[in-house]
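# Summary of the model geometry
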Amino acid sequence: MTRVEVETPYGAARAELHSAAEGRAALLLGHGAGGGFEAEDLVCAARTATAAGVHVALVEQPYRVAGRRAPAPARQLDACWLAVAEDLGQRWFPELPLIFGGRSSGARVACRTAEAGGASAVLCLAFPLRPPGKPDKDRGDELFSVEVPTLVVQGESDPFGEPEPSTNREVVLVPGDHSLRADTGTVSRAVAEWLGRILRLLD
């Protein structure tokens, strides 16, 4: 495991790199709005990916690196994410296909930047479709606009809602709520099976 800092337009971001024995692709994972990359579902996805032959970068946004808890505006998050993706793609994962992903807010960033960042696929852990009690604040367009293969792993009792599957979007429901802590084994199997299909497509 290697930790690196990456300069972005809004301060230094941090990435924790986990190398796979056989690097067939690279998965960049972003954290939720109020948490870091030690969240159990992110750790689970990272382990699953490296076992499947995918390098992983757990990406910490500059506001978290600076010690702030309140998330930065979406445009800043996206700009920082793209800067990190470009830097890591050149320095650590040259010529490898990039998969964007994250949990909650990090999943939204991954979706919004997938096209601009040239992502080959997107992994969403607990996508926050609608804030509880605020049906007017629907974020579905961010998810539905992604054109590359996408996996959404969602808790069966997630108060943020349940996205619908589509031609290029798989939705796997697992026991538990928005944290996805209740059954990380099921989360791991869903990610492993999806990554296997993605890697066959990329090969």
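Look a little higher up for the structure.
Here we summarise the structure given alongside this text. Note that this is a predicted model, so its numbers are computed, not measured.

## Describing the nonpolar core
Among the nonpolar cores identified, the biggest contains 32 residues, and Leu28, Leu88, Phe93, Phe100, Cys124 and Phe127 are the most heavily contacted of them. Listed by contribution, the elements that provide at least two residues to this core are strand E1 (2-8), strand E2 (11-18), strand E3 (25-30), strand E4 (54-60), helix H3 (74-91), strand E5 (98-103), helix H4 (105-113) and strand E6 (121-125). If one sorts the elements of this core by residue count, H3 sits on top with 5 residues. Of all hydrophobic cores here, the second largest spans 28 residues; its members include Val56, Ile99, Leu125 and Ile198.

## Concerning helix H6 (residues 184-202)
Taking 1.5 Å per residue, 19 residues should reach 27 Å; H6 reaches 26 Å between its end C-alpha atoms and fits that length. The complete set of buried residues in H6 reads Thr186, Val187, Ala190, Val191, Trp194, Leu195, Gly196, Ile198 and Leu199.

## Things to note about the sheet that holds E5
Across the sheet, 8 strands lie side by side as E1-E2-E4-E3-E5-E6-E7-E8; this open sheet has mixed pairing. This sheet does not close on itself; its edge strands, each paired only once, are E1 and strand E8 (169-174). When the angles between neighbouring strand axes are averaged without regard to direction, this sheet yields 20°. Strand direction decides the pairing type here: E1 and E2, joined by 7 bridges, are antiparallel. Bridged to valine 4 within E2 is alanine 15. Those strands touched by H4 are E3, E5 and E6, and its axis lies near 150° from that of E5.

## So, the pattern of salt bridges
If you walk through the whole model with that rule in mind, you get 10 salt bridges. Between glutamate 16 and arginine 3 there is a salt bridge; the shortest N-O distance is 3.2 Å. Taken together, the residues glutamate 16 in strand E2 and arginine 3 in strand E1 connect sequence positions 13 residues apart. The exposure class assigned to arginine 3 is exposed, which follows from its relative accessible area of 55%. Between arginine 91 and aspartate 87 there is a salt bridge, and its shortest N-O distance comes to 2.8 Å. Taken together, the residues arginine 91 and aspartate 87, both in helix H3 and 4 residues apart, mark about one turn of the helix. Overall, the relative accessible area of 45% leaves arginine 91 in the partly exposed class.

Cut-offs and rules
Residues numbered from 1 in each chain as written. Predicted model: local features only at pLDDT ≥ 70, side-chain atom pairs only at ≥ 80, totals over all residues. Heavy atoms only, no water. Core = buried A, V, L, I, M, F, W, Y, C linked by side-chain atoms within 4.5 Å. Buried < 20%, exposed > 50% of the residue type's maximum accessible area, 1.4 Å probe, protein only. Helix = DSSP H or I, 4+ residues; strand = E, 2+ residues; numbered from the N terminus. Expected span 1.5 Å × (residues − 1). Pairing = 2+ DSSP bridges. Axes fitted to C-alpha atoms, helices over the stretch in contact; angles between N-to-C directions. Contact = heavy atoms within 4.5 Å. Salt bridge = Lys/Arg side-chain N within 4 Å of Asp/Glu carboxyl O.

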